[in-house]
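Listed here are the chains, written in short residue letters.
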Amino acid sequence: MIDSVSLGRRLHDLRADRGLALTALARQAGVSVSMLSAIERGEKTPTVVVLSRIADGLGLSLSRLLADLETDRVIVRRAAEQDHVAEPGGWHRTVLTPVVPGVNFEWIRTTLPPGCDAGRFPAYAPGSHEFVAVESGELCLGVGDAEYVLGSGDSVYFPADVGHSYANRTGKPCVYHVAALIMRPRVP
């Protein structure tokens with residue numbers, strides 16, 4: 001497991017060694033200044049996506065960024081540490097999985113209120129995958145030009161290297177899980 005305080009110190013030291021201000025690294029990494037500051041103070045545990053962006057901003061591989069920080073092979077993410085994101089339109093998602101260095105996998109629980117369209121998501125890099133399982137309600141999943149209506153207990157897999165969308169067109173809430181392995185090109 002990676003200690004958030006040790007990770008924060010390491011990020012601060014790497015940033016300082018490069019003579020970068022918080023704002024400069026935030027801009028290069030595509031991460032907010034407040035998020036970067038909270039990570040450096042050890043107050044926030046970043047997702048794999050955020051860590052990868054920070055590594056890119058520092059000109060490092062993710063494994064190099066995290067070298068010597070891992071102390072345990074078992075990583076526990078307590079419910080209180082999960083990232084809860086309230087999105088525009090009233091939908092909500094929770095990132096359930098812990099951050100695992102070098103692994104671009106996330107398991108997300110999403111709740112769409114009645115009549116909510118979460119929007120269209122762009123294609124991810126080739127080799128990306130998504131598995132979706134509906135816990136309750138009805139989900140309209142768009143994959144490319146096709147649409148699939150999934151009910152409670154239904155699940156689907158699709159290669160995520162195509163645009164996709166999620167919507168709830170019913171009068172009841174929809175809760176679903178996404179297990180995603182997202183390949184991201186490493187762009188400085």
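Just so you know, these numbers come straight off a predicted model, no measurement behind them.

Analysis parameters
Residues numbered from 1 in each chain as written. Predicted model: local features only at pLDDT ≥ 70, side-chain atom pairs only at ≥ 80, totals over all residues. Heavy atoms only, no water. Helix = DSSP H or I, 4+ residues; strand = E, 2+ residues; numbered from the N terminus. Buried < 20%, exposed > 50% of the residue type's maximum accessible area, 1.4 Å probe, protein only. Contact = heavy atoms within 4.5 Å. Areas by Shrake-Rupley, 256 points an atom, 1.4 Å probe, with all protein chains shown as cover. Lys, Arg positive; Asp, Glu negative; His and termini not counted. Charge placed at Lys NZ, Arg CZ, Asp CG, Glu CD. Axes fitted to C-alpha atoms, helices over the stretch in contact; angles between N-to-C directions. Parallel < 35°, antiparallel > 145°, perpendicular 65-115°, else oblique. Left-handed = near helix turned anticlockwise from the far one by under 90°. Nonpolar A, V, L, I, M, F, W, Y, C, P; charged D, E, K, R; others polar. Pairing = 2+ DSSP bridges.

Enquirer: Would you mind going over the overall build of the protein with me for this structure?
Expert: A tally of regular secondary structure across the protein gives 5 helices and 10 strands. Based on the C-alpha atoms only, the size of the protein along its principal axes is roughly 55 × 30 × 30 Å. The buried share of the protein, taken over its 188 residues, is 43%. Across the protein, contacts joining residues at least 24 apart in sequence account for 65% of those joining residues at least 6 apart. Accessible area of the protein: about 9,800 Å², with a carbon and sulfur share of 55%. The distance from the centre of the 19 positive side-chain charges to the centre of the 21 negative ones in the protein is 4 Å.

Enquirer: Can you walk me through the packing of helix 2 (residues 22-29) against helix 4 (residues 48-58) in this structure?
Expert: For any two helices packed against each other, the geometry is given by the interaxial angle and the distance between the axes. The contact between helix 2 and helix 4 brings their axes to 8 Å, and the two run at 110 degrees. The angle between the axes of helix 2 and helix 4 places the two elements in the roughly perpendicular class. The handedness of the crossing between helix 2 and helix 4 is right-handed. On helix 4, the residues that touch Leu25, Gln28 and Ala29 of helix 2 are Arg53, Ile54, Gly57 and Leu58. Residue classes in the contact of helix 2 with helix 4 are distributed as 4 nonpolar, 2 polar and 1 charged.

Enquirer: Which parts of the structure should I look at to understand the sheet that holds strand 6 (residues 139-143)?
Expert: Across a sheet, strands are paired by hydrogen bonds formed along the backbone, either parallel or antiparallel in direction. Here 4 strands make up an open sheet; going across it, the order is 4-9-6-7 and the pairing antiparallel. Looking along the sheet, the strands with just one partner apiece sit at the ends: strand 4 (117-121) and strand 7 (146-150). For this sheet, the mean inter-axis angle between neighbouring strands, taken without regard to orientation, is 15 degrees. Direction of pairing for strand 4 relative to strand 9 (residues 164-167): antiparallel, over a ladder of 4 bridges. What sits directly across from Asp117, in strand 9, is Ala167.

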